[in-house]
Amino acid sequence: MDAKSYAICFKPSSSALKRSNTTRNWYRVAKLEQLKTIGRELTKGSQGGFYQSKEFLDLVKSIGEARSKAEEDRIVLSEIETLKRRISEPDIPKRKMKEYIIRLVYVEMLGHDASFGYIHAVKMIHDDSLLVKRTGYLAVTLFLNEDHDLIILIVNTIQKDLKSDNYLVVCAALNAVCKLINEETIPAVLPQIVELLAHPKEAVRKKAIMALHRFYQKSPSSVSHLVSNFRKRLCDNDPGVMGATLCPLFDLITNDVNSYKDLVISFVSILKQVAERRLPKAYDYHQMPAPFIQIKLLKILALLGSSDKQASENMYTVVGDIFRKCDSSSNIGNAVLYECICCVSSIYPNPKLLESAADAISRFLKSDSHNLKYMGIDALGRLIKISPEIAEQHQLAVIDCLEDPDDTLKRKTFELLYKMTKSTNVEVIVDRMIDYMNSINDNHYKTEIASRCVELAEQFAPSNQWFIQTMNKVFEHAGDLVNIKVAHNLMRLIAEGFGEDDDTADSQLRSSAVESYLHILGEPKLPSVFLQVICWVLGEYGTADGKYSASYITGKLCDVAEAYSNDETVKAYAVTALMKIYAFEIAAGRKVDMLPECHSLMEEFLASHSTDLQQRAYELQAVIGLDAHAVESILPSDASCEDIEVDKALSFLNDYIQEAIEKGAQPYIPESERTGMLNISNFRNQDHHEASSHGLRFEAYELPKQTVQARIPPASLASTELVPVPEPMYPRESYQTTTVPSVSSDAASTELKLRLDGVQKRWGRQTHFPSTSTSNSTSLKTVNGITQVDGSNTANSRTRETYDSRKQVEISPEKQKLAASLFGGPSKTEKKSATGHKSSKPSSHMVKSHAPKSSMEVASEKTSVQQPPDLLDFGEPTVKSTAPSLDPFKDLEGLLEPTTQVSSAVNHSSTAAVTKSPDIMGLYTETTAGAHHKDSDILSGLSNPPMTNMVGGTTTMQVAQSSKGPNLKDSLEKDALVRQMGVTPSSQNPNLFKDILG
Amino acid sequence: MIKAVMVMNTQGKSRLAKFYEYLSVEKQQELIRGVFSVLCSRAENVSNFIDAESIFGQDSRLVYKHFATLYFVFVFDSSENELAVLDLIQDVLPSVFVETLDKCFQNVCELDIVFNYSKIHTILDEMVFGGQVVETSSSEIMKAVEEISKLEAASNAISLIPKSASGWRSR
């Protein structure tokens with residue numbers, strides 16, 4: 001061992017030494033490192049090196065010193081050879097074996113295959129010695145996955161070890177269970193794990209809970225009957241077990257909020273006790289009482305209180321307390337504060353808490369720590385959904401973050417800007433985004449930011465000119481990363497223009513588009529998607545305003561086809577564009593002179609390997625040969641937005657057929673009546689929904705029906721729904737149920753379980769729309785108030801003044817200008833609503849306003865009316881088309897009912913389900929009568945089994961309903977709001993350009 | 001949940017890698033390389049958080065801490081709190097590592113992490129179980145680890161522990 005080995009040891013750097021106290025130990029130690037002598041290193045290798053031999057030590061060191069990857073690989077490969085040889089020798093002492101296995105793990109961590117040793121690791125877990133067994137378990141959890149062939153050899157041992165008297169053996173087995181048990185083997189260990197929930201050692205209980213949680217993640221149905229155990233463990237004597245139980249509960253609540261509303265009181269009282277330092281001192285951490293438990297609880301409360309006024313009201317006091325008590329000087333204190341802000345912004349808004357949250361945010365943003373700034377920006381992004389005016393207080397801090405060299409912070413800030421974009425600042429924000437997009441190489445993030453730019457531009461574009469320019473920039477810099485839909489959308493916009501009223505503006509828009517594209521074509525390397533747009537626009541509108549001659553445009557198109565000769569799609573677009581230009585020329589009665597380069601291009605395409613290109617080329621030839629009248633009806637000028645009426649029955653041929661039959665031709669036999677070619681025709685027909693029942697079927701088989709379900713008489717269904725508890729849910733699998741204590745009940749409960757499943761799924765949905773209705777109150781303000789605007793402006797200027805006076809020297813005029821452009825404008829936040837007058841239009845428009853390819857298809861094969869959706873899918877046509885047809889009163893009903901309004905407004909298709917829901921909901925809301933136990937011990941508050949279900953359930957429902965207010969006007973307003981808010985930014989908005997369209 | 005825990009040195013050599021969802025060896029290496037390439041491009045005095053979606057897919061964040069020649073990295077999803085995880089790395093983990101290993105060696109270096117591979121894993125298993133943080137008190141973790149070591153030693157028929165290690169046990 002020489003001095004070289006120190007190279008890889010800790011060396012304290014001066015900056016490192018300056019860091020926080022908490023890590024001082026680490027560095028004190030690191031400093032000592034320098035004093036180390038070779039002799040000490042030697043003793044270390046032999047004594048403390050955890051029984052590892054010098055061989056291993058040498059291996060680690062030589063790998064550490066390897067100068068190149070190749071050298072490292074060489075060392076590792078020779079090590080593998082050694083291990084292969086050694087490990088298969090007979091009678092290896094256990095301790096040697098243990099070392100070999102550790103060496104194997106190490107080798108595999110370095111990225112080399114160690115599979116030859118897996119079986120030895122498996123053998124080790126059978127050993128009696130705890131040390132060897134644990135090493136074996138460690139190795140198999142690192143080596144194997146749950147579907148590995150060797151698992152079958154392990155399951156038996158795990159079963160045995162779970163029953164061991166030594167709790168460490170049990171813990172090791174539980175650890176392996178988490179990693180190695182898959183859906184099929186869960187039943188083999190489940191009974192033992194359930195038993196372990198009552199193990200005397202808290203470490204075991206904790207791990208058993210986590211194992212069940214893991215099972216829940218892998219296969220929710222396998223443990224759905226055990227969910228009550230999580231509730232019970234919440235009252236465990238050991239706070240550590242209670243804290244661990246919060247993990248599975250968090251998942252469960254995320255998936256189904258409504259079944260756990262009854263726990264709100266319990267969670268609040270636990271949080272209160274934690275915050276009041278009633279837990280053992282051992283759980284204190286940096287003078288904070290059990291901060292990690294507080295964080296989990298706040299996360300859970302945020303879920304439970306989301307759009308639930310009643311539940312939220314229970315939380316206000318405790319969250320407010322935590323805001324006050326939190327020590328904002330420590331990292332962990334800030335973590336809890338941040339979680340409080342998240343909670344406040346998720347639950348039903350409370351002005352006082354919002355104020356505290358805003359205070360905390362400003363502390364974060366003013367901090368010097370990048371981490372805190374990051375959290376502050378993130379928190380701000382959450383809070384502005386509820387109170388948009390808060391962003392204005394922090395404008396300069398936000399701009400500082402935007403200009404920070406730290407990429408993470410920058411991205412977070414862009415996320416915030418994205419959330420606070422409105423029509424007044426869209427230009428600045430999108431420009432900034434595009435600049436940033438150009439400066440990075442990370443394709444993943446580039447894609448994301450490009451799509452955000454597009455989205456914002458579509459939503460808030462101040463003018464079409466600006467929109468087209470912005471899109472050009474996005475395409476130019478990130479063209480290949482942009483979704484093709486965006487390109488189609490852009491073409492659609494250029495084609496549809498300002499709509500019906502203003503034709504001159506339309507043609508101006510198109511001319512400017514053509515102009516800019518001809519200019520851009522000069523650039524060397526353009527992305528394919530962008531070229532497609534360019535070709536299409538040049539084809540449709542290149543000669544429309546008469547500024548450019550046909551030969552000029554066709555020349556450009558030929559250049560494109562030549563320059564990008566390996567891109568077939570672009571070539572196809574170019575050919576079709578050429579065809580359109582020539583067709584317009586012919587239709588206008590001008591003589592067509594094909595350019596020589598165009599001729600040679602056509603010759604090339606006529607012999608192309610691509611059938612698509614060939615066909616297009618032949619079509620072009622054919623079109624050129626036709627007379628003006630025919631050409632005009634095939635490719636009418638500026639008609640990409642016109643409806644193409646397709647006569648499916650081909651009735652215009654009737655005369656012709658009649659004539660032919662009279663002359664003795666065979667009449668047509670419909671395909672379904674023909675024999676012998678059924679399979680083929682059916683296959684082809686599937687698109688036309690005419691597939692007859694015979695022939696091949698391509699859809700998947702249905703899942704086998706549960707036999708139990710068949711036995712349920714319809715009458716008893718209603719009665720099972722009345723059974724209130726989510727508690728005993730019994731498994732549908734028929735594994736050895738004998739050892740599961742809870743499965744001792746009757747068949748009726750099995751039936752019950754099946755019903756519950758469906759209900760849960762339906763209700764599970766709601767969690768995807770948090771905060772939509774929580775934002776009601778504030779959005780009301782912004783929607784109808786000039787007064788509101790004034791108020792926020794004055795507040796804004798005041799805060800800016802104070803900020804200025806403090807930081808006057810540092811703030812450059814550019815920054816202030818930027819601030820003014822980002823935040824300054826009147827706080828108009830309306831996003832254009834989705835339920836506009838144009839909502840019925842898109843579906844008809846989309847069919848023909850897309851790329852030239854399909855318009856040609858329509859022309860050539862008239863039967864295919866239904867276009868593949870991906871070409872035209874600008875949004876969610878299903879939503880749009882179903883929305884108007886629905887009875888508005890149904891929606892209203894949904895709104896009056898507690899907690900269902902979001903789903904009814906957003907997801908119209910589920911209205912039927914919604915109308916039925918309130919009674920079911922009320923019944924499943926099991927109440928532990930916690931209100932009476934509010935201040936008593938958690939244990940009594942929680943362990944109270946849901947005996948009072950029926951009563952509790954109905955009362956909660958009543959309260960919830962009354963709190964929503966019976967006032968019809970209120971609910972109408974809410975309906976309007978929810979409709980507005982319900983449009984998530986990601987869904988395409990049919991009214992994108994409402995403003996522009998006037 | 002926590003998706004992965006990694007320790008690597010400033011040259012990108014991985015010193016410890018634990019993934020809580022199974023990944024093939026190749027995939028693991030790819031991720032480690034991906035993480036390293038991001039880490040080594042970070043300047044000093046910037047935040048400890050990185051958006052890891054480009055490496056680990058949707059909804060993944062990464063928190064790292066640079067200690068001397070080592071990077072400690074946790075990858076997790078939105079159900080964890082960044083600052084809290086950072087505290088785990090910069091507070092709990094080092095103090096446990098240092099305390100545990102310190103008692104043996106009076107210092108910690110990169111090699112120790114490799115030499116004490118199974119021990120470090122034991123510590124991590126006490127802290128993070130099945131992808132969830134279950135224990136955050138360093139004294140509790142220490143207690144558990146010590147107990148394991150004690151029982152391991154006792155249950156082991158062949159005494160693998162030389163006399164010097166008993167000094168560590170008794171503390």
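Conventions and cut-offs
Residues numbered from 1 in each chain as written. Chains lettered and ligands numbered in written order. Predicted model: local features only at pLDDT ≥ 70, side-chain atom pairs only at ≥ 80, totals over all residues. Heavy atoms only, no water. Helix = DSSP H or I, 4+ residues; strand = E, 2+ residues; numbered from the N terminus. Buried < 20%, exposed > 50% of the residue type's maximum accessible area, 1.4 Å probe, protein only. Contact = heavy atoms within 4.5 Å. Areas by Shrake-Rupley, 256 points an atom, 1.4 Å probe, with all protein chains shown as cover. Phe/Tyr/Trp six-rings, centres within 6.5 Å; stacked < 30°, edge-to-face > 60°. Lys NZ or Arg CZ within 6 Å of the ring centre and 35° of its normal. Pairing = 2+ DSSP bridges. Axes fitted to C-alpha atoms, helices over the stretch in contact; angles between N-to-C directions. pLDDT = per-residue confidence, 0-100. Parallel < 35°, antiparallel > 145°, perpendicular 65-115°, else oblique. Left-handed = near helix turned anticlockwise from the far one by under 90°. Core = buried A, V, L, I, M, F, W, Y, C linked by side-chain atoms within 4.5 Å. Patch = residues over 30% accessible without salt bridge, like charges linked within 9 Å, V, L, I, M, F, W, Y side chains within 5 Å. Salt bridge = Lys/Arg side-chain N within 4 Å of Asp/Glu carboxyl O.

Q: Could you clarify how one ought to interpret the overall build of chain B in this entry?
A: Within chain B, the secondary structure is distributed over seven helices and seven strands. Written out in order from the N terminus, the α and β elements of chain B read β-β-α-β-α-β-β-α-α-α-β-β-α-α. Per-residue burial for chain B yields a buried fraction of 72% across its 171 residues. By sequence separation, contacts in chain B at least 24 residues apart represent 51% of the contacts at least 6 residues apart.

Q: Looking at this structure, how should I read the overall build of chain A?
A: If you tally the helices and strands in chain A, you get 54 helices and two strands. Among the 998 residues that make up chain A, the fraction classed as buried is 53%. The contacts in chain A between residues at least 6 apart in sequence include a share of 70% that link residues at least 24 apart. With an accessible surface of roughly 45800 Å², chain A has 54% of that area assigned to carbon and sulfur atoms.

Q: Help me understand the packing of aromatic side chains, please; the structure alone is not making it clear to me.
A: To describe a pair of aromatic rings, you give the distance between the ring centres and the angle between the ring planes. Residues and elements named next belong to chain A. Tallying each qualifying case throughout the model produces twelve aromatic pairs over all chains. Between Phe-475 and Phe-530 the ring centres are 5.4 Å apart and the planes differ by 10 degrees, which places this aromatic pair in the stacked class. With Phe-475 in helix α27 (residues 464–478) and Phe-530 in helix α30 (residues 528–541), this pair connects stretches of sequence that are 55 residues apart. With respect to class, Phe-475 is no different from Phe-530; both count as buried. Ring centres of Trp-536 and Tyr-541 lie 6.2 Å apart, and the angle between their planes is 80 degrees; on these two criteria the pair is classed as edge-to-face. Each member of the pair, Trp-536 as well as Tyr-541, carries the same accessibility label: buried. Through a chain of ring-to-ring contacts, three or more aromatic side chains come together here, namely Phe-414, Tyr-436 and Tyr-445. Of note, Arg-411 hangs over the ring of Tyr-445, and the distance from its end group to the ring centre comes to 4.1 Å.

Q: I keep staring at unusual backbone geometry and nothing clicks. Help me out?
A: Residues apart from glycine generally show negative phi values, whereas peptide bonds are mostly found in trans. All names here are of chain A. A positive phi angle, close to 65 degrees, is found at Gln-287, a residue other than glycine. For Gln-287, a relative accessible area of 63% translates into the label exposed. Even without being a glycine, Ala-290 presents a positive backbone phi close to 35 degrees. Here Ala-290 lies in the loop between β2 (288–289) and α17 (291–305).

Q: How should the sheet that holds strand β5 (residues 70–76) of chain B be read in this particular structure?
A: Strands belonging to one sheet form pairs held by backbone hydrogen bonds; the direction of such a pair is parallel or antiparallel. Residue and element names in this part refer to chain B. With respect to topology, five strands assemble into an open sheet ordered β2-β1-β5-β4-β3, the strand pairing being antiparallel. Both edges of this open sheet fall to β2 (14–19) and β3 (49–51), since each of them pairs with a single strand only. When strand polarity is set aside, the average angle formed by the axes of neighbouring strands in this sheet is 15 degrees. Bridge analysis of strand β1 (residues 2–9) against β5 gives seven bridges, and the strand direction is antiparallel. What sits directly across from Asn-9, in β5, is Leu-70.

Q: Just checking my understanding: could you explain the confidence of the model for chain B for this structure?
A: Reading predicted coordinates in detail is not appropriate for stretches of low pLDDT. Residues and elements named next belong to chain B. Per-chain confidence: chain B averages 79 in pLDDT, with 83% of residues scoring 70 or above. Below a pLDDT of 50 lies the segment residues 103–107, which in the model reaches 24 contacts outside its immediate sequence neighbourhood of four places, other chains included. If you check the scores for this complex, the pTM reads 0.65 and the ipTM reads 0.87.

Q: Help me out: how do you make sense of the environment of Asn314(A) in this one?
A: Along the chain, Asn314(A) turns up in helix α18 (residues 309–325). Not counting the four nearest positions on each side in its chain, Asn314(A) is found in contact with Val264(A), Ile265(A) and Val268(A).

Q: Whenever I open this one, the packing of helix α6 (residues 94–109) of chain A against helix α7 (residues 118–125) of chain A confuses me. Can you help?
A: How two helices sit against one another is set out by the angle between their axes and by the gap between those axes. Residue and element names in this part refer to chain A. It is the contact of α6 with α7, at a shortest axis distance of 10 Å, that shows an interaxial angle of 135 degrees. With respect to α7, the axis of α6 lies oblique. Crossing of α6 against α7: the hand is left-handed. Between α6, through Met-97, Lys-98, Ile-101 and Glu-108, and α7, the contact on the second element is made entirely by Tyr-118, His-120, Ala-121 and Met-124.

Q: Just to check I follow, could you spell out the nonpolar core for this structure?
A: A general trend in soluble globular proteins is that nonpolar side chains are found buried together. Counting 304 residues, the largest nonpolar core has Phe267(A), Tyr517(A) and Phe74(B) as its most contacted members. Not counting chain neighbours up to four residues away, the residues in contact with Phe267(A) comprise Leu234(A), Leu246(A), Leu249(A), Ile253(A), Leu297(A), Ile300(A), Leu301(A) and Leu304(A).

Q: It is not clear to me how a nonpolar patch on the surface should be interpreted in this structure. Could you clarify?
A: On the surface, Leu650(A), Phe652(A), Leu653(A), Tyr656(A), Ile657(A) and Ile661(A) cluster together into a nonpolar patch covering about 570 Å² of accessible area. Examined against the element boundaries, Tyr656(A) turns out to sit in helix α36 (residues 654–662).

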